[in-house]
Amino acid sequence: VQIIPNGIALPRGAPLTADDSDAYRHGMGLGEQCRRVVGTVGMLRADRKPWLLVEVFAAVARKAGPDVHFLIAGAGPEMEHVQRQAEAAGIGDRLHLPGLVRDSRLAFSLIDVYVTLNVGSLTGIAALEASLAGCPVVAIQLSAEYQRSADDLIWSSTDLDEVATECVRLLESD
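Residues numbered from 1 in each chain as written. Predicted model: local features only at pLDDT ≥ 70, side-chain atom pairs only at ≥ 80, totals over all residues. Heavy atoms only, no water.

## Some remarks on the sheet that holds strand β5 (residues 137-141)
Strands pair in a sheet through their backbones, by hydrogen bonds, and they do so in one of two ways: parallel or antiparallel. As summarised here, the arrangement of the 6 strands in space is β3-β2-β1-β4-β5-β6, forming an open sheet in which the pairing is parallel. Of all strands in the sheet, those with a lone pairing partner are β3 (95-99) and β6 (155-157), marking the two edges. Recorded for the sheet is a direction-independent mean angle of 25° between the axes of neighbouring strands. Examined bridge by bridge, strand β1 (residues 36-41) and strand β4 (residues 113-118) share 2 bridges and lie parallel to one another. (Pairing = 2+ DSSP bridges. Helix = DSSP H or I, 4+ residues; strand = E, 2+ residues; numbered from the N terminus. Axes fitted to C-alpha atoms, helices over the stretch in contact; angles between N-to-C directions.)

Have a look at this one:
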């Protein structure tokens, strides 16, 4: 048996409260007027392709309008590149990068639609945690050969515009 830590501490103790979530929201500059958030939790490393998330977020912004904000909770060497890309895409003021995640439940409590990367039917642990937290999850599919199925646990597409359209559909289904 080999244990492979996923980088997220499992919460212990008291359950997350609305006050905890509100404090996290305000600490990131998400005021009461922003109630729709598309986001993710993960490490900002080149092998995780965080620039794809920014492309999807920019497409969501075009389709859903100015009241949607975006969250990438996590840290890593690509953080500055992601921020520059968001600025260039015109969503820099709506992309929130709070850095290292100590309690992923806080991020999940704000996210209305969670976006992850899938390679075929494989997904990350944080996407499964987001789903367990009640977030609808969609994925950017990295495998060009993958054929989506009605039995998929997580909806995915290689087409970033299609991923953005699915995010907007889920945002509007509330």
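## A word on the pairing of β5
Along β5, 5 of the 5 residues are buried, which leaves the element largely enclosed by surrounding structure. Across the two faces of β5 the burial is the same, with V137, A139 and Q141 and V138 and I140 all buried. Bridge count for β4 against β5 is 5 bridges, and the pairing is parallel. Counterpart to N118 in the pairing with β5 is Q141. Since β4 and β5 lie parallel, the crossover through helix α5 (residues 125-132) that links them has a hand, and here it is right-handed. Two elements, β5 and β6, share 3 bridges in a ladder whose sense is parallel. Each residue of the ladder has a partner; that of A139, found in β6, is S156. (Buried < 20%, exposed > 50% of the residue type's maximum accessible area, 1.4 Å probe, protein only. Right-handed = clockwise from strand over helix to strand, strands pointing away.)

## With respect to the packing of aromatic side chains
Inspection of every chain in the model, using the stated rule, returns 2 aromatic pairs. With 5.0 Å between their ring centres and 20° between their planes, F57 and F70 make a pair best called stacked. On the criterion of sequence distance, the pair formed by F57 in helix α2 (residues 50-64) and F70 in strand β2 (residues 68-73) is long-range, its members being 13 residues apart. The pair formed by F57 and F70 is uniform in burial state, with each residue classed as buried. (Phe/Tyr/Trp six-rings, centres within 6.5 Å; stacked < 30°, edge-to-face > 60°.)

## What to know about α5
For α5, the complete set of buried residues consists of A126, A127, E129 and A130. Summarising the axial view, the buried residues of α5 lie within an arc of 160°, below the 170-degree limit, and thus occupy one face. Tucked into the core, α5 has its buried residues touching β1, α4 (104-110), β4 and β5. G134 occupies a position one or two residues after α5 and carries a positive phi of about 100°. (Arc of directions from axis to C-beta. Contact = heavy atoms within 4.5 Å.)

## Examining the pairing of β1
Taking burial as the measure, the 6 residues of β1 include 6 buried ones, the bulk of the element. Burial along β1 is two-sided: the residues R36, V38 and T40 and V37, G39 and V41 are all buried. Sheet analysis places β1 next to β2, joined by 6 bridges and oriented parallel. Residue pairing for β2: G39 is matched across the bridge by L71.

Function cannot be inferred from these measures alone, as they are strictly geometric.
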